[in-house]
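A closer look at the structure
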Amino acid sequence: KGMSCATCGLYKTALTPKMEPYGDFRKKIMVIGESPVHDDDEKGKPFHSKGGRLLQRKFKQLGIDLFKDCVCLNAVNCRATDKKGADRAPTDTELGCCRSKVLTAIKRYQPQVVILLGGTPTTSLVAHRWKGGSSGITLWRGWAIPDRKYNAWVCPVFHPVYVERQEDNGVIDLIWERDLKQAFSRIGKPFPYSTNEEDHIIITEDIESVVEEMSGSPFIAFDIETTGLKPYNKALHKTVSISFCNDVNKAYVLPFPTKRKQFNALKKLLEDPKVGKIAANMKYEDTWLNILHGIHVRSWRFDTMQAAHILDNRPGITGLKFQSYVQFGVLGYDDDVAPYLKSADSYGVNRIMELAETKEGFRKLLLYNGIDSLMTYRLAIPQMEALRI
């Protein structure tokens, strides 16, 4: 709100204010940099500086002409300078003022691939939407995100100036090249999934039918929603709901059974050694079901959180919400529920029962629980393939 060119003011000192996107866009690639530097500002076109020339060479080496095959612009469209007139990084306010122009360009060009050069454009288009903490380029580089908001593969990579400064470190150039190759490989490639996940969640109370369907599966993903993080105070805690998935397009969710017959059916499924079990952080499900309900889950098959760490040991990337976004473009499905899942400490009670008190609130909780299982199952399949399991 109130973010505009007048708020920013960079246009007042730029030689080429509000620099327009440049390039023929033959291969539907959009390249977004930080902000114009001195040479760009003089020539009136992005990526004509020393760093831009390095970018041109690297693209050419990989079979892409930067200005014929791409359209090029910056996260901030006017040159940012300090008091001495030297180039500087744009501020968050300047980014915010120019974001609408970048979004307008994406809508106008409808790129298949968007390459984000460094932390600034990544913050502008991706990281500011992520509520999970760190937003640095080291967290985001290397992912080819099927971003549903932009309807494009969004690919953060190192900025060419950073690569240039690391010229004695050949590893950085190798990483940069690999990330760019991955981005280019997404041209013409459809998204893995594109429909609303809520449409794939079946809310039911028929535990017997769900158990019967799951019992014939070689492996199933499941997830529980509970009143806290640790279940050791049995007088305080309860398991509120449970969900199951054995199909990339369908998951079941139901209130956790309290009647003996239904509970026994659930226990039989979870203790069945012929049905492999998958979870995102299996320790959580295993501990809660064991401590609170005396269910000893058998045949744990796979843990997507552990697999994410094995495949990529960067901190901050193993959680299901992060992986759901970078792998499948699913972002924010926990927005309505997350505030209710927080507790004062690991042993305390959260506010989940407040959410479950109303019909609409309980429905939101169940949908969230179901999507957790759906995303866990979808994630496990490519992870198992990558790990050859």
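Residues numbered from 1 in each chain as written. Predicted model: local features only at pLDDT ≥ 70, side-chain atom pairs only at ≥ 80, totals over all residues. Heavy atoms only, no water.

**Details of the packing of aromatic side chains**
Taken as a whole, this structure holds 17 aromatic pairs when the rule is applied. Ring centres of F222 and W300 lie 5.5 Å apart, and the angle between their planes is 20°; on these two criteria the pair is classed as stacked. Here F222 is found in strand β7 (residues 219-226), whereas its partner W300 is found in strand β11 (residues 300-303), with 78 residues between them in sequence. With a relative accessible area of 1%, F222 lands in the buried category. Residue classification places W300 among the partly exposed residues on the basis of a relative accessible area of 22%. Aromatic side chains Y333 and Y368 sit 5.8 Å apart centroid to centroid with 35° between the ring planes, which places their arrangement in the tilted category. On the criterion of sequence distance, the pair formed by Y333 in the loop between α13 (320-328) and α14 (352-356) and Y368 in helix α15 (residues 359-386) is long-range, its members being 35 residues apart. Overall, the relative accessible area of 7% leaves Y368 in the buried class. Taken together, the aromatic side chains of W130, W140, W143, F322 and Y325 make up a single cluster linked through ring pairs. K18 extends its terminal NZ or CZ atom over the ring of Y11, reaching a point 5.4 Å from the ring centre. (Phe/Tyr/Trp six-rings, centres within 6.5 Å; stacked < 30°, edge-to-face > 60°. Helix = DSSP H or I, 4+ residues; strand = E, 2+ residues; numbered from the N terminus. Buried < 20%, exposed > 50% of the residue type's maximum accessible area, 1.4 Å probe, protein only. Lys NZ or Arg CZ within 6 Å of the ring centre and 35° of its normal.)

**Overview of the environment of I106**
Checked against the element boundaries, I106 lands in helix α4 (residues 92-109). As a C-alpha pair, I106 and A386 span 280 residues in sequence and 32 Å in three-dimensional space. Excluding residues that lie within four positions of it along the chain, I106 makes contacts with M30, P111, L125 and Y150. (Contact = heavy atoms within 4.5 Å.)

**Brief notes about the sheet that holds strand β5 (residues 152-157)**
Strands sit in the order β2-β1-β3-β5-β4 across an open sheet of five strands; the sheet is mixed. This sheet does not close on itself; its edge strands, each paired only once, are β2 (70-74) and β4 (145-147). Taking the axes of each pair of neighbouring strands and ignoring which way they run, one obtains an average angle of 25° across the sheet. Here strand β1 (residues 29-33) runs beside strand β3 (residues 113-117); their pairing, made up of four bridges, is parallel. (Pairing = 2+ DSSP bridges. Axes fitted to C-alpha atoms, helices over the stretch in contact; angles between N-to-C directions.)

**Some remarks on the packing of α13 against α15**
At a closest axis distance of 10 Å, the pairing of α13 and α15 adopts a crossing angle of 60°. As the angle between them shows, α13 and α15 are arranged oblique. For the crossing formed where α13 meets α15, the hand is left-handed. Residue-level inspection shows L320, K321, Q323, S324, Q327 and F328 of α13 in contact with α15, the latter providing Y368, D372, M375, T376, R378, L379 and Q383. (Parallel < 35°, antiparallel > 145°, perpendicular 65-115°, else oblique. Left-handed = near helix turned anticlockwise from the far one by under 90°.)

**Focus on the pairing of strand β10 (residues 276-279)**
Of the two faces of β10, both are covered, the one formed by G276 and I278 as well as the one formed by K277 and A279. Relative to β10, β7 runs parallel, the two sharing three bridges. Of the residues in β10, the one forming a bridge with F219 is G276. Where β10 lies against β11, three bridges are found, and the strand directions are parallel. Of the residues in β11, the one forming a bridge with K277 is W300. Handedness of the crossover joining β10 and β11 through helix α11 (residues 282-293): right-handed. (Right-handed = clockwise from strand over helix to strand, strands pointing away.)

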